[in-house]
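Here's the letter readout for the chains.
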Amino acid sequence: MCDHHCSSTGHGPHLDRRALLAAGAGVVTTAALLEFEPASAGTTKTKVFRGEFTDANTPDWHYLPFSVPAGVNAIEVSYTFSPTDTGVGFSYNVVDIGIFDPSGHDLGDSAGFRGWSGGARRKFWISRSGATPGYVPGPITVGVWNILLGPYTIIPPGTPYEVRVTLHFGPQGPAFVPHPPPRRVKGTGPGWYRGDLHLHTIHSDGKRTLPEMITAARKAGLDFINSSEHNTISAHLAWGKYVPDDFLVMTGEEVTTRNGHWLAVGLPAGSWIDWRYRAADGEFPTYAARVRELGGLAIVAHPFNPVPSIKWDFGLDFADLDAIEVWNGPWTGDDQTCVEHWHDLLVSGRYLPVVGNSDSHTPEQTVGLSQTVVRATSLSSGAIITALRGGHAWIAESSKVHLTFTATLGDRVAECGDGVGATPTDVVDVRLVVKGVPGALAQVRGPEGVLAGGVADSAGRAVVTVQVPGSTPFVRAEVRRTDDVVVSPVDDFPGAPMVALTNPVFVAATS
């Protein structure tokens, strides 16, 4: 039986977002403090927040504060709301949830972050010894904790919510022992390594456990993955218990804002990046820079996904980003649009390396479709990050696809992300070799389109060669499946599924 309840509402006067940020992370306190009194060991106390969100003008984030007295060994939270199913794969009137401890909850306050599950689960618990996946174990400190609610795609009539907070009293258990993964695979050297930088497990809204994800990645022929749970770093603390000695798990986060998603790749384990801002707030550059300061990369995820809040609304010049995820999961029109936009940026002189990832959430979504093949000095987080930043990578639909792409001028041989430094009077030899793709169309492209192409034979091999003037800014390669249709090797087939895609090789010398 609840001994207290507090009502709150999600509607009211429109609030200025910059004022909210100045006041504390773009959120408002929408409920009175729930005060808990001390109790004897072995007992529990439960109190309830109740309220409703009724329209889209409600702020993105709402605090529900509650006090934790001495003697608490665990916090349990459950909640309910009434989503509206659209029938096409997403819902309106969703309420996300997370929690901060007394160390702080302002924008960027990583010390107080204790977990996030979005709308993926309806209950969680935290103790000194353990926590629900998505949440961070640690001491149950005395003071004011804050549940964070995030109303998402609210439309009339909206949704009521009820949040139940239960405190368990008694001695705190033994301290949680983190098990972060190693940052390098011992004994590895220069080579091409296959990886998937965008994956989800039960630590956010995925269905696989950590061991199941590693099994799926190895089955896909991968050498590494990047942990990229939505807005939480809880998986960072557990991967080390499961990762094999010859496999690399990098630690990161999918920073899931209301104006688009981006990947923080290659963070030190336990480093959390805040997501509580929109494009108009001007905060994104600060957090992208923070990722770089930590030695990682900021990569825009699925920027042309048409779903509001998932598509990228921070600007299609991709300012303050280090790379673009141009291929997300099975090839779709969104990916084609992204590749065309990236090519236009390349032609304009704006170069960002590209990557491809699976964004796999369920066993039905294939890990490694797509995957990024990286030329690195070793199988280590630092070397992979350096290689990705330099564009020393290409993208494949699976590990069955093999590719080499070079530009040669005298004794200078350049691969993806490299340059040969040609002068306008030079002639540069470009060579593309593809294996494992029977019947596929392999093409070398320049700024104006297709320069040369060929169709792979029944054994899956294609070789395309072309000489280009030294004034050519760049060349790049695409391999597409044409479903046995008779094609001209130099024509465009933008609707054909992609099999492989390279970062450019730069031909002309840059000033």
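The text that follows walks through the structure, step by step, so that each part is easy to find. Nothing here was measured: the structure is a model prediction, and the numbers come from that model.

Quick notes on the rules
Residues numbered from 1 in each chain as written. Predicted model: local features only at pLDDT ≥ 70, side-chain atom pairs only at ≥ 80, totals over all residues. Heavy atoms only, no water. Helix = DSSP H or I, 4+ residues; strand = E, 2+ residues; numbered from the N terminus. Rg over C-alpha atoms; globule rule 2.2 N^0.38 Å. Buried < 20%, exposed > 50% of the residue type's maximum accessible area, 1.4 Å probe, protein only. Contact = heavy atoms within 4.5 Å. Areas by Shrake-Rupley, 256 points an atom, 1.4 Å probe, with all protein chains shown as cover. Lys, Arg positive; Asp, Glu negative; His and termini not counted. Charge placed at Lys NZ, Arg CZ, Asp CG, Glu CD. Salt bridge = Lys/Arg side-chain N within 4 Å of Asp/Glu carboxyl O. Phe/Tyr/Trp six-rings, centres within 6.5 Å; stacked < 30°, edge-to-face > 60°. Pairing = 2+ DSSP bridges. Polar contact = N/O pair within 3.5 Å; in protein donor to acceptor, adjacent residues only side chain to side chain. 1 Å grid on protein atoms, 1.4 Å probe; cavity = no way out; pocket = protein on both sides within 12 Å on 5 of 7 lines; lining within 4 Å. Points joined across faces, edges and corners; volume = space filled by probe spheres on them.

Bringing the overall build of the protein into the picture now. In terms of helices and strands, the protein carries five helices and 31 strands. Against the globule reference of 24 Å for 511 residues, the protein gives a C-alpha radius of gyration of 25 Å, in line with a compact fold. Counting the 511 residues in the protein, one finds 56% classified as buried. Here the contacts in the protein between residues at least 6 apart in sequence split such that 73% fall between residues at least 24 apart. For the protein, the accessible surface area stands at approximately 19800 Å², while carbon and sulfur atoms represent 54% of it. Across the protein, 38 positive and 51 negative side-chain charges occur, with their mean positions spaced 6 Å apart.

Right, let's talk about the pattern of salt bridges for a bit. Within this structure, the stated rule accounts for 17 salt bridges. The partner of R375 in a salt bridge is D418, and the shortest N-O contact between them spans 2.9 Å. Placement of the pair is R375 in strand β20 (residues 371-376) and D418 in the loop between β23 (412-414) and β24 (419-422), with a sequence separation of 43 residues. By relative accessible area, R375 is classed as partly exposed at 23%. Residue D418 is classed as buried on the basis of its relative accessible area of 18%. A salt bridge links D492 to R445; its shortest N-O distance comes to 2.5 Å.

Cis geometry marks the peptide bond from P156 to P157; its omega dihedral reads 5 degrees. Mapped onto the secondary structure, P157 falls in the loop between β11 (143-152) and β12 (159-169). Unlike most non-glycine residues, S309 shows phi in positive territory, near 80 degrees. With respect to the secondary-structure elements, S309 resides in the loop between β17 (297-300) and β18 (323-328). On the basis of relative accessibility, which here comes to 10%, the residue S309 falls in the buried class. If you check the backbone angles, D359 has positive phi at about 55 degrees while not being a glycine. Take D359: it is sitting in the loop between β19 (354-357) and β20.

A full pass over the atoms with the stated rule returns 18 aromatic pairs. Look at W61 and W116: their rings are 5.9 Å apart centre to centre, the planes differ by 75 degrees, and that puts the pair in the edge-to-face class. In this pair, W61 is assigned in strand β4 (residues 61-68) and W116 in strand β9 (residues 113-118), connecting sequence segments 55 residues apart. Exposure class is identical for W61 and W116. Each is buried. With centroids separated by 5.5 Å and ring planes inclined at 90 degrees, the aromatic side chains of W272 and W275 adopt a geometry described as edge-to-face.

All right, on to the side chain of N259 then. Considering the arrangement of structural elements, one finds N259 in the loop between β15 (248-257) and β16 (260-267). Owing to a relative accessible area of 11%, N259 belongs among the buried residues under this scheme. Apart from the residues within four sequence positions on either side, N259 is in contact with R278, A279, S309, K311, W312, D313 and F314.

As a further point, take the pairing of strand β31 (residues 505-508). Taken together, the two bridges between β24 and β31 define a ladder with parallel strand orientation. Bridge pairing in β31 places A422 opposite A508. Bridge analysis of strand β29 (residues 474-480) against β31 gives two bridges, and the strand direction is antiparallel. Its bridge partner being in β31, V475 is matched across the sheet by V505.

Mapped onto the secondary structure, S204 falls in the loop between β13 (191-199) and α2 (210-219). Owing to a relative accessible area of 6%, S204 belongs among the buried residues under this scheme. Side-chain polar atoms of S204 contact the side chain of E229, separated by 2.5 Å. Excluding its chain neighbours within four sequence positions, the residues that come into contact with S204 are A120, R121, E229 and H230.

Turning to empty space enclosed by the protein, a few remarks are in order. Inspection of every chain in the model, using the stated rule, returns one cavity of 30 Å³ or more. Within this model, the largest cavity holds a volume of roughly 30 Å³. Lining the largest cavity, in full, are W192, W394, L403, T404, F405, E415 and C416. Examining the composition of the lining of the largest cavity, we find that three residues originate from one element, strand β22 (residues 402-409), more than from any other.

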